[in-house]
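# Architecture at a glance
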Amino acid sequence: MTKGNGEDPKSGSRMERIQQGVWKRTLLAKKKVQSITKDDVKSYLLRNAFVLFTVVAVILGVILGFSLRSYKMSYREVKYFSFPGELLMRMLQMLVLPLIVSSLVTGIAALDSKASGKMGVRAVVYYMSTTIIAVLIGIIIVVIIHPGKGTKENMHREGKIVQVTAADAFLDLIRNMFPPNLVEACFKQFKTNYEKRMFKVDILSNDTSTVASIISNVSEAMETLTRMREEIVPVPGSVNGVNALGLVVFSISFGLVIGSMKEQGQALKDFFDSLNEAIMRLVALIMWYAPLGILFLIAGKIVEMEDMGVIGGQLAMYTVTVIIGLLIHAVIVLPLLYFLITRKNPWVFIGGLIQALVTALGTSSSSATLPVTFKCLEEINGVDKRVTRFVLPVGATINMDGTALYEALAAIFIAQVNNFDLNFGQIITIRDRLRTTTNVLGDSIGAGIVEHLSRHELKNRDAEMGNSVIEENEMKKPYQLISQENESEKPLDSETKM
């Protein structure tokens, strides 16, 4: 039934409810703003001091870097200028190795094999999905913008091209999963090298001609029967760098064994848990120095950066294309994926990661940012430690969002520069051959998604353990400075989050 003017009463009441809801929220927001006091502002600034200092450091670093570009500093002067930032990188990288091992062992040991298996499958599916999406974004962007259009006369090659077969690269990946020496895995990875070798090849011929040759000239017959052939063969080799994949596989296996040992493995579990706690307290100390280090890192990179006009139009367009693709993936795709799965505001979650994201921007190393990512997820966003200790180290090893997009775009850009048209099948081949890398935002959002999907397994595990995990987390203070431990008068429920 409708009114005389033809309006639907249901649509009218719906609009009235929407208007009332907007009005109530406006009044509530107005009351909250009016109720803010100086103490609230002071408390907020203290809670977010590290984040504010880091953001200010980035802004000052950009200003300082562009201001010093006109002085045309030499390479040596730039290295001296960037030394405070280099110290920050070395401090963070120093903690990555013990942090990965201790986090994985304690995280896996706190879960049963069934829960850890489900969590692992969810994490791998997430990483594979986001990587495929990143590659598709890179392909679409580079095809639309076409940064390689033009001539390659001004292009030049740098570095040495090393031919690597797909089979050897895949076998190296498996070899690195099982390092023969754990100590060596801390600073070295296996890598297949190639060298030229001479092989003797026998030439078959009929008996008559061979006998005649032997009779006529023995030396000539021996030269005819044998020939030397040159062939490039794979040989064992190594490269400097932490074999993170091997350490992750060992730590996961070790954690599963400790978890299955029950009471017998409690001593080892406590040891790695204490080690993880100590590392995170070291991270809290380093965070006081982080803003200064990030300032000089960013300023130093800007000072040594080449002029885009000197680089050339094609490479400038390539850089712009990469930035557009990364922004689409980080600002649109990942937050949308988080919202669709968890039904929570992704920007609130990302807001708690500002310090980690800014640190990643300054250090240009997601592995070095890993300690800060742990701190942000566990303290600010409140993600379960059992999830972060499992998802983040694995993500730092197998997640490949950023580089997948970058290399997919780079491969097609090179083809465009050389006027080589790729069909769809060749584009898919490029996608399948991409290497893995880490992405701080992807890892962090992955931790939030995996925690949401694994919430039932975590609750069941808490019930089986008699809520021991919850009690343990309540008794522990967050990763704070050592000087704060003496504040024994401070109650447990008044923890300061950063």
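I will try to describe carefully the structure that is included in this document.

Cut-offs and rules
Residues numbered from 1 in each chain as written. Predicted model: local features only at pLDDT ≥ 70, side-chain atom pairs only at ≥ 80, totals over all residues. Heavy atoms only, no water. Buried < 20%, exposed > 50% of the residue type's maximum accessible area, 1.4 Å probe, protein only. Helix = DSSP H or I, 4+ residues; strand = E, 2+ residues; numbered from the N terminus. Axes fitted to C-alpha atoms, helices over the stretch in contact; angles between N-to-C directions. Parallel < 35°, antiparallel > 145°, perpendicular 65-115°, else oblique. Left-handed = near helix turned anticlockwise from the far one by under 90°. Contact = heavy atoms within 4.5 Å. Nonpolar A, V, L, I, M, F, W, Y, C, P; charged D, E, K, R; others polar. Phe/Tyr/Trp six-rings, centres within 6.5 Å; stacked < 30°, edge-to-face > 60°. Lys NZ or Arg CZ within 6 Å of the ring centre and 35° of its normal. Salt bridge = Lys/Arg side-chain N within 4 Å of Asp/Glu carboxyl O.

### Details of helix α17 (residues 354–363)
For α17, the buried fraction is high: 7 of the 10 residues fall into the buried class. Of all the residues in α17, the buried ones are Q355, A356, V358, T359, A360, G362 and T363. Phi turns positive one or two residues past the end of α17, at S364, with a value near 55°.

### Points about the environment of M280
Within the secondary structure, M280 sits in helix α12 (residues 266–286). Sequence separation between M280 and K375 is 95 residues, and the spatial gap between their C-alpha atoms is 7.3 Å.

### What to know about the packing of helix α5 (residues 83–109) against α12
Between two packed helices, what matters for the description is the angle formed by their axes and the separation of those axes. Running from amino to carboxyl end, α5 crosses α12 at an angle of 150°, the nearest separation of the two axes being 8 Å. Here α5 lies roughly antiparallel to α12, going by the angle between them. Here the hand of the crossing between α5 and α12 comes out left-handed. The residues of α12 that touch α5, namely those facing L88, M91, L92, L95, P98, L99, V101, S102, S103, V105, T106 and A109, are K269, F272, D273, L275, N276, I279, M280, L282, V283 and I286. Looking at the contact of α5 with α12 residue by residue, the class counts come to 16 nonpolar, 4 polar and 2 charged.

### A few points about the packing of α5 against helix α18 (residues 366–380)
Where α5 contacts α18, the axes come no closer than 7 Å and their chain directions differ by 65°. Viewed along their axes, α5 and α18 adopt a mutual orientation that is roughly perpendicular. As for the relative orientation of α5 and α18, their crossing is left-handed in sense. Note on element contacts: α18 touches α5 through S367, A368, L370, P371, V372 and F374, opposite M89, L92, Q93, L95, V96, L99, I100 and S103. Partitioning the contact of α5 with α18 into residue classes produces 11 nonpolar, 3 polar and no charged.

### Remarks on the packing of aromatic side chains
Scanning all chains against the criterion turns up 6 aromatic pairs. For the pair F271 and F272, a centre-to-centre distance of 5.1 Å together with 75° between the ring planes defines the contact as edge-to-face. Geometry around F339 places R343 over its ring, the cationic atom sitting 5.6 Å from the centre.

### Topic: the pattern of salt bridges
One pass over the structure, following the stated rule, counts 8 salt bridges. Between K118 and E457 there is a salt bridge, and its shortest N-O distance comes to 3.6 Å. Linking K118 in helix α6 (residues 113–145) with E457 in helix α23 (residues 455–464), this pair joins segments that are 339 residues apart in sequence. Where R281 meets E277, a salt bridge forms, and the shortest distance between an N and an O atom there is 3.8 Å. Of this pair, R281 and E277 are both found in helix α12, 4 residues apart, which corresponds to roughly one turn of the helix. When salt bridges with common partners are traced through the structure, they connect K118, R122 and E457 into a single cluster.

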